[in-house]
Amino acid sequence: MLGQTFLQNGVYVEPDQPNQDDDEDVDDIDSRDPAYFGYYAQFVHQQNMLQDTVRTSLYHSAIVMNGPTMFRGKIVADIGAGSGILSYFAAAAGAAKVYAIEASGMAARIQKMVNSTSEKNAWMSGRLEVVKGKVENVRGIRVDTLISEPIGVLLVHERMIESYLYARDNFLKPGGSMIPSNGTIFLAPFTDANLWTQTMAKVRFWEQQNFYGVDFSPLAKDAKDEIFAQPVVGNFDHRILLGPPCNHFVDFCTVQTAELLDFVIPINWIIPTTGLVHGIAGWFDINLGGLTLTTSPQAEQTHWQQVRFLFKEPLAVNAFESVRGWMRLAVNKMRSYDIIAELVVGNDMVVSDTTAPWVKLGPRSADKVQESDALDPRLAPDGARRRRGAWSLHEQTYWYVPSLLQVLQLVYLTDGI
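Keep in mind that what you see is a predicted model, and the values were worked out from it rather than measured. (Residues numbered from 1 in each chain as written. Predicted model: local features only at pLDDT ≥ 70, side-chain atom pairs only at ≥ 80, totals over all residues. Heavy atoms only, no water.)

Enquirer: Whenever I open this one, the sheet that holds strand β16 (residues 321-331) confuses me. Can you help?
Expert: With antiparallel pairing, the 4 strands of this open sheet are ordered in space as β12-β16-β17-β18. Of all the strands in the sheet, just β12 (262-271) and β18 (386-392) have a single pairing partner and so form its edges. Each neighbouring strand pair of the sheet contributes to a mean axis angle of 15°, computed without reference to strand direction. Sheet topology note: the β16/strand β17 (residues 337-345) ladder contains 9 bridges and is antiparallel. Across the sheet, leucine 329 pairs through a bridge with isoleucine 339, a residue of β17. (Pairing = 2+ DSSP bridges. Helix = DSSP H or I, 4+ residues; strand = E, 2+ residues; numbered from the N terminus. Axes fitted to C-alpha atoms, helices over the stretch in contact; angles between N-to-C directions.)

Enquirer: In this structure, what is going on with the sheet that holds strand β5 (residues 128-132)? I would like to understand it.
Expert: Strand-to-strand pairing in sheets goes through backbone hydrogen bonds, with the strands running parallel or antiparallel. With parallel pairing, the 5 strands of this open sheet are ordered in space as β5-β4-β3-β7-β8. For this open sheet the edge positions go to β5 and β8 (172-179), each flanked by a neighbour on one side alone. Pairwise comparison of adjacent strand axes, ignoring direction, gives a mean angle of 25° for this sheet. Note that strand β3 (residues 75-79) and strand β4 (residues 97-102) share 5 bridges and pair parallel. Looking at β4, one finds that isoleucine 75 is bridged to lysine 97. Packed onto the sheet, helix α6 (residues 106-115) meets β4 and β5 and runs at close to 160° relative to β5. (Contact = heavy atoms within 4.5 Å.)

Enquirer: Can you help me understand the packing of aromatic side chains in this one?
Expert: Each aromatic ring pair is specified by the distance between its two centres and by the angle formed by the two planes. Within the structure shown, the criterion is met by 17 aromatic pairs. Between tyrosine 164 and phenylalanine 252, the aromatic rings sit 5.9 Å apart at their centres with planes inclined by 80°, giving edge-to-face as the arrangement. Of the two residues, tyrosine 164 sits in helix α7 (residues 160-170) while phenylalanine 252 sits in the loop between β11 (246-251) and β12, which places them 88 residues apart along the sequence. Each member of the pair, tyrosine 164 as well as phenylalanine 252, carries the same accessibility label: buried. On the basis of an interplanar angle of 90° and a centroid distance of 6.1 Å, the ring pair of tyrosine 166 and phenylalanine 171 is categorised as edge-to-face. (Phe/Tyr/Trp six-rings, centres within 6.5 Å; stacked < 30°, edge-to-face > 60°. Buried < 20%, exposed > 50% of the residue type's maximum accessible area, 1.4 Å probe, protein only.)

Enquirer: What exactly am I supposed to notice about the packing of helix α3 (residues 53-65) against helix α5 (residues 85-92) here?
Expert: Each pair of packed helices can be summarised by the angle the axes make with each other and by the distance between the axes. At a minimum axis distance of 9 Å, the contact between α3 and α5 shows a crossing angle of 30°. Comparing their axes, α5 and α3 come out roughly parallel. The element α3 and its partner α5 pack so that their crossing is right-handed. Of the residues in α5, those touching α3 at Thr56, Tyr59, His60 and Ile63 are Leu86, Phe89 and Ala90. Of the residues in the contact of α3 with α5, the class split is 5 nonpolar, 2 polar and no charged. (Parallel < 35°, antiparallel > 145°, perpendicular 65-115°, else oblique. Left-handed = near helix turned anticlockwise from the far one by under 90°. Nonpolar A, V, L, I, M, F, W, Y, C, P; charged D, E, K, R; others polar.)

Enquirer: What is the right way to look at the side chain of glutamate 321 in this model?
Expert: Take glutamate 321: it is sitting in strand β16. Residues within four places of glutamate 321 in sequence aside, it is in contact with Trp269, Ile270, Ile271, Val345 and Arg385.

Enquirer: What's the story with the nonpolar core in this structure? I'm lost.
Expert: Grouped burial of nonpolar side chains is what soluble globular proteins tend to show. Membership of the largest hydrophobic core comes to 95 residues, with the highest contact counts inside it found for Ile79, Ile101, Leu155 and Leu187. Of all the elements, α5 adds the most residues to this core, at 6 residues. Those residues in contact with isoleucine 79, other than ones at most four positions away along the chain, are Ile101, Val135, Leu146, Ile147, Ser148, Glu149, Met160, Ser163, Tyr164, Ala167 and Phe171. (Core = buried A, V, L, I, M, F, W, Y, C linked by side-chain atoms within 4.5 Å.)

Enquirer: Which parts of the structure should I look at to understand the pattern of salt bridges?
Expert: Pairing is possible between side chains of opposite charge, provided their charged atoms come close. Evaluation of the coordinates by the stated rule reveals 17 salt bridges. The partner of lysine 97 in a salt bridge is glutamate 129, with the nearest N and O atoms 3.0 Å apart. One end of the pair, lysine 97, is in strand β4; the other, glutamate 129, is in strand β5, with 32 residues separating them in the sequence. For lysine 97, a relative accessible area of 16% puts it in the buried group. Each of the salt bridges in this network shares a partner with another, and the network as a whole consists of Asp33, Lys134 and Arg335. (Salt bridge = Lys/Arg side-chain N within 4 Å of Asp/Glu carboxyl O.)

Enquirer: Would you mind showing me how to read the environment of valine 13 here?
Expert: As for its position among the elements, valine 13 is in strand β2 (residues 12-13). According to the relative accessible area criterion, valine 13 is buried, its value standing at 6%.

Enquirer: Honestly, the pairing of strand β9 (residues 182-190) in this entry has me stumped. Any pointers?
Expert: Look at any regular strand and the pattern is simple: side chains alternate between the two faces of the sheet. Counting buried residues along β9, 9 of its 9 residues qualify, which places the element largely inside the surrounding structure. By the alternation rule, side chains of β9 split into Asn182, Thr184, Phe186, Ala188 and Phe190 and Gly183, Ile185, Leu187 and Pro189, which are all buried. In the sheet, β9 pairs with β11 via 6 bridges, with the strands oriented antiparallel. When the bridges of β11 are listed, phenylalanine 186 appears paired with asparagine 247.

Enquirer: Before we go on, may I ask you to explain unusual backbone geometry in this structure?
Expert: A negative phi angle is the norm for most residues apart from glycine, just as the trans form is the norm for most peptide bonds. Across the junction of isoleucine 179 and proline 180, the peptide omega takes the value 5°, indicating a cis bond. Among the structural elements, proline 180 can be located in the loop between β8 and β9. Of note in this structure, asparagine 121 is not a glycine but carries a positive phi near 55°. Along the chain, asparagine 121 turns up in the loop between α6 and β5. You can call asparagine 121 partly exposed: its relative accessible area is 30%. Although it is not a glycine, leucine 154 sits at a positive phi angle of roughly 55°. Structurally, leucine 154 is set in the loop between β7 (143-148) and α7. A relative accessible area of 1% means that leucine 154 is categorised as buried.

Shown next as structure tokens:
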């Protein structure tokens, strides 16, 4: 029992065990934990999430709506409690006890809130117990209900869902409840010449042959590989979508962790208009006790926004042609995923196997995602009808579109000069 931190009623937290495997291909995200938990220990990041009114209000509504069946008189665990807001909502809904499990420094902030209940928030007095530690290290908890916000960009970024599933398998009583209970990833083709051109402009810099007398062109291909491997996170106008999305459903009540380490989303779209596919757009929904939180570009904006995966070269399609393919996601050591995808146009084209030689990814050895020149699909006879792309989900770049109010303010200021 040396090193264990004991709490109440037999609950304790195991110390972290150092990784004994020197194999670089082993998926070890523990090395990323200090930066990850340090980020979420900061008030500014917690405030950003709290002020996401779509997120916070829907979670609040879900807990209130399900209060009589999932919370009143129940024992609850808040997985990755962060600011503690879901724990506070659960206590307000009548939970008999709430374990607020948080590994970052925010655990001390939640404890400070708990300690002040004699003067502030008296309604949650005696209901909350703060558990400081990673979910995987906690022992001795059995609960009726799990609540969590384990979601990242494209649903799976940051890999917090794996901790949520650990809690399901180790803390939740048979027949217990989960909020959220499932999630759905959506993928759709998009066209955005402006985004593609501005991304390509970053590459053009490295094509210069006389930058203060220096020829940078030997680095041009490497720069293009790196820049186009960065997913673009940001809200966009839904009218850039060229067709309805395909989807991939994840049932948090039944999915096994191994199924999330390396999975493939089949793609099958019918494009109703002639145009250029500049890449694949992604977003997600989650089910909060019967309420749907969506990050769709057609819905109110959230702090998750949407994500776009640009191809190095656009793909031309004619009206009502079929576009088929797949997107494969494999976990990496950066609490995220490496992603590859292939699209082909027309029913006569053969879609590559997801484990074809050009696919560099593996569930435990995904360090490089760029294909070589020799495997560039444009060099094949059917190259004009096939596109492949590779991205690292943790290497996100951001695209901000000014709001109408910001545009009007700029016009006003410009006119006033």
